[in-house]
Amino acid sequence: MLINAAEPRRLGTPDAGTPRLRFETETRTTTTGTYPTRRLIKIDGEPAFELGVWCGTCSFLFERLEGSHETLSLQGVQDRLRGTLKDADDEDVLRAFGEVLPEGHYLPLLLQAEPRLRTPGAKGDYFSEEQVSTWGVSQFWGIAESPRTPYYRTFETEIDASAHLYEFVVPMVPPAWNNGEHVEEYVELMGRGTIPTAVAVSTFGVFEPAVSPPDNDQYAHWCLTHFLLDGHHKLEAAAKSGSPVRLLSLLALDEVLAAPEEWSRLSELRSRPRVPRPSIT
């Protein structure tokens, strides 16, 4: 459910100020030109996640790397986020998290979700189910892609007869690293009716195969991915108890792999009912 959205705004720390989180694209130069090899999220200069390189027909990807080993929680806003955030345009929270992000244009979205924890290769894993239904397994490796981390699925819905929206929340550290006592504190808090708030920096892309393998579907995947900055214990508690959690998403518009008319529909699409995509048989 979309609670509300703010107008796109400029946030973040200029490169000279060394923001803790940065987006970076690595390239390779040959005799025919310079080409992107991989897109990265870096934390404190270390590669933390590899993101898919958009080629028009490539599949979606997020893959945890060695640099993803701590959260980016901020003590100054912990009390406010322990409760229910009301507005995507909360100036104090935006200013605080803007200090850890690279300077750029962001779309604040305040969402409410009921997260479902997923493990790569297990039941409900997007990469071994919906992605394989469209692209098949990796032609090089012969197996499904893997994000190399547990993650949360929160929402999916049909856009039209040829496209589906998928939403993911990706923790900076796996849930197994969370403090169990803190998780139980949030389970208890949620049981009393409180809906706490997590914060994430988000990416969005539209991916569609040129030709699907025989018997597979031809389907565009609109993928909205939230990388958690704060709220790791809250997400685990919500998944464990079946409770809702609020998520302030800061969508990095400079990193969007989609046309403006596509990303501008996210507010409307995120207000639709959740509709899981039927499996191919």
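Small disclaimer: the values here were computed from a predicted structure and weren't measured. Per chain, residue numbering runs from 1 following the sequence as it is written. Where local features are concerned, this predicted model is filtered to residues with pLDDT of at least 70; where side-chain atom pairs are given and counted, the filter is 80 or more; whole-chain, interface and lining totals use all residues. In computing side-chain properties, one takes all heavy atoms of the structure into account and sets aside hydrogens as well as water.

Chemist: Residue-level account of the overall build of the protein chain, with values.
Modeler: Along the backbone of the protein chain there are 7 helices and 13 strands. Radius of gyration: over C-alpha atoms. The globule rule applied is 2.2 Å multiplied by the number of residues raised to the 0.38 power. By the compact-globule yardstick of 19 Å for 281 residues, the protein chain fits well, its C-alpha radius of gyration being 18 Å. Expressed along its principal axes, the backbone C-alpha trace of the protein chain runs to roughly 50 × 45 × 35 Å. Whether a residue is buried, partly exposed or exposed follows from its accessible area with a 1.4 Å probe, protein chains only, as a fraction of its type maximum: under 20%, in between, or over 50%, in that order. Relative to its full complement of 281 residues, the protein chain shows a buried share of 49%. Element-wise, carbon and sulfur atoms account for 50% of the exposed surface of the protein chain, whose accessible area totals about 12800 Å². Computed over 27 positive and 41 negative side-chain charges, the inter-centroid distance for the protein chain is 2 Å. Only runs of H or I of at least four residues qualify as helices and only runs of E of at least two qualify as strands under DSSP, and these elements are numbered from the N terminus. Residue burial considers only the protein chains on display, and all accessible areas are found by Shrake-Rupley using a 1.4 Å probe. Just so you know, the count uses Lys and Arg for positive and Asp and Glu for negative, and it drops His and the chain ends. Positions of charges follow a simple convention, taking NZ of Lys, CZ of Arg, CG of Asp or CD of Glu.

Chemist: Residue-level account of helix 5 (residues 232-241), with values.
Modeler: A turn of α-helix holds 3.6 residues, and therefore any two residues three or four places apart point the same way. Every buried residue belonging to helix 5 is among His-232, Lys-234, Leu-235, Ala-237 and Ala-238, and all of these are buried. Phi turns positive one or two residues past the end of helix 5, at Gly-242, with a value near 70 degrees.

Chemist: Explain the nonpolar core residue by residue, including any values.
Modeler: Only buried residues count toward a nonpolar core, which is a set of Ala, Val, Leu, Ile, Met, Phe, Trp, Tyr and Cys residues joined through side-chain atoms within 4.5 Å. Among the nonpolar cores identified, the biggest contains 42 residues, and Leu-21, Phe-62, Tyr-126, Phe-227, Leu-229 and Leu-248 are the most heavily contacted of them. Tallying contributions element by element places helix 2 (residues 91-98) first for this core, with 4 residues. The contact partners of Tyr-126, leaving out residues within four places of it in the chain, are Phe-60, Gln-131, Trp-135, Tyr-151, Arg-153, Tyr-166, Phe-168, His-221 and Cys-223. In terms of nonpolar packing, the next biggest core, distinct from the first, is built from 18 residues, Phe-155, Ala-163, Leu-251 and Leu-266 among them. In what follows, a contact means two residues having at least one pair of non-hydrogen atoms within 4.5 Å.

Chemist: Describe the side chain of Asp-125, naming the residues involved and giving the relevant values.
Modeler: As for its placement among the helices and strands, Asp-125 is situated in the loop between strand 8 (116-118) and helix 3 (130-135). For the purposes of these results, a polar contact is taken to be a pair of N or O atoms within 3.5 Å, where, inside protein, one atom must be able to donate a hydrogen and its partner to accept one; residues adjacent in sequence count only when each atom of the pair is a side-chain atom. A polar contact of 2.9 Å, which involves the side chain of Asp-125, links it to the backbone nitrogen of Gly-121. Among all residues touching Asp-125, those that are not within four sequence positions of it are Arg-118, Thr-119, Pro-120, Glu-130, Tyr-151 and Arg-153.

Chemist: Lay out the packing of aromatic side chains in plain terms, naming residues and giving numbers.
Modeler: Where two aromatic rings form a pair, the distance of their centres and the angle of their planes describe that pair. Working definition: rings of Phe, Tyr and Trp (its six-membered ring) pair if their centres are within 6.5 Å, and the pair is stacked with planes under 30 degrees apart, edge-to-face with planes over 60 apart, and tilted otherwise. The tally for this structure, following the rule as stated, stands at 16 aromatic pairs. Consider the rings of Phe-60 and Phe-207, whose centres lie 5.6 Å apart with planes at 55 degrees: the pair is tilted. Here Phe-60 is found in the loop between strand 5 (46-51) and strand 6 (62-64), whereas its partner Phe-207 is found in strand 11 (residues 197-207), with 147 residues between them in sequence. There is no split in this pair, since Phe-60 and Phe-207 are both buried.

Chemist: Residues and numbers for the sheet that holds strand 6, please.
Modeler: If you trace the 4 strands from one edge of the open sheet to the other, you get 3-4-5-6, paired in antiparallel fashion. Edge strands, defined here as strands with exactly one partner in the open sheet, are strand 3 (21-30) and strand 6. Along the sheet, successive strands turn relative to each other by an average axial angle of 40 degrees, direction set aside. If DSSP finds at least two bridges between two strands, the strands pair. Where strand 3 and strand 4 (residues 33-43) come together, 10 bridges link them in antiparallel fashion. Looking at the pairing, Thr-30 lines up with Gly-33 of strand 4. In this analysis, axes come from line fits to C-alpha atoms, helices being fitted only over the stretch in contact, and the angle between any two N-to-C directions falls in the range 0 to 180 degrees.

Chemist: Before we move on, could you go through the environment of Arg-38 and cite the residues and values that matter?
Modeler: The residue Arg-38 is located in strand 4 in this model. In this structure Arg-38 comes out as partly exposed when scored by relative accessible area, which is 23%. In the structure, Arg-38 is positioned 71 residues away from Leu-109 in sequence and 27 Å away in space, judged by C-alpha atoms. The residues touching Arg-38, leaving out its near neighbours within four places in the chain, are Glu-24, Thr-25, Glu-26, Pro-47, Glu-50, Val-53 and Leu-65. Among the polar contacts made by the side chain of Arg-38, one reaches the side chain of Glu-26 at a distance of 2.8 Å.

Chemist: Outline the pattern of salt bridges, supporting the account with residue identities and numerical values.
Modeler: Definition used for salt bridges: Asp or Glu carboxyl oxygen within 4 Å of a side-chain nitrogen of Lys or Arg. Tallied over the full model, the rule gives 23 salt bridges. Between Asp-92 and Arg-95 there is a salt bridge whose closest N-O contact spans 3.4 Å. Of this pair, Asp-92 and Arg-95 both sit in helix 2, 3 residues apart, which is roughly one turn of the helix. On the accessibility criterion, Arg-95 (46% relative accessible area) is partly exposed. Arg-153 serves as the salt-bridge partner of Glu-130, at 3.0 Å between the closest nitrogen and oxygen. Of this pair, Glu-130 sits in helix 3 while Arg-153 sits in strand 9 (residues 151-160), and the two are 23 residues apart along the sequence. Across the pair, exposure class does not vary: Glu-130 and Arg-153 are buried alike.

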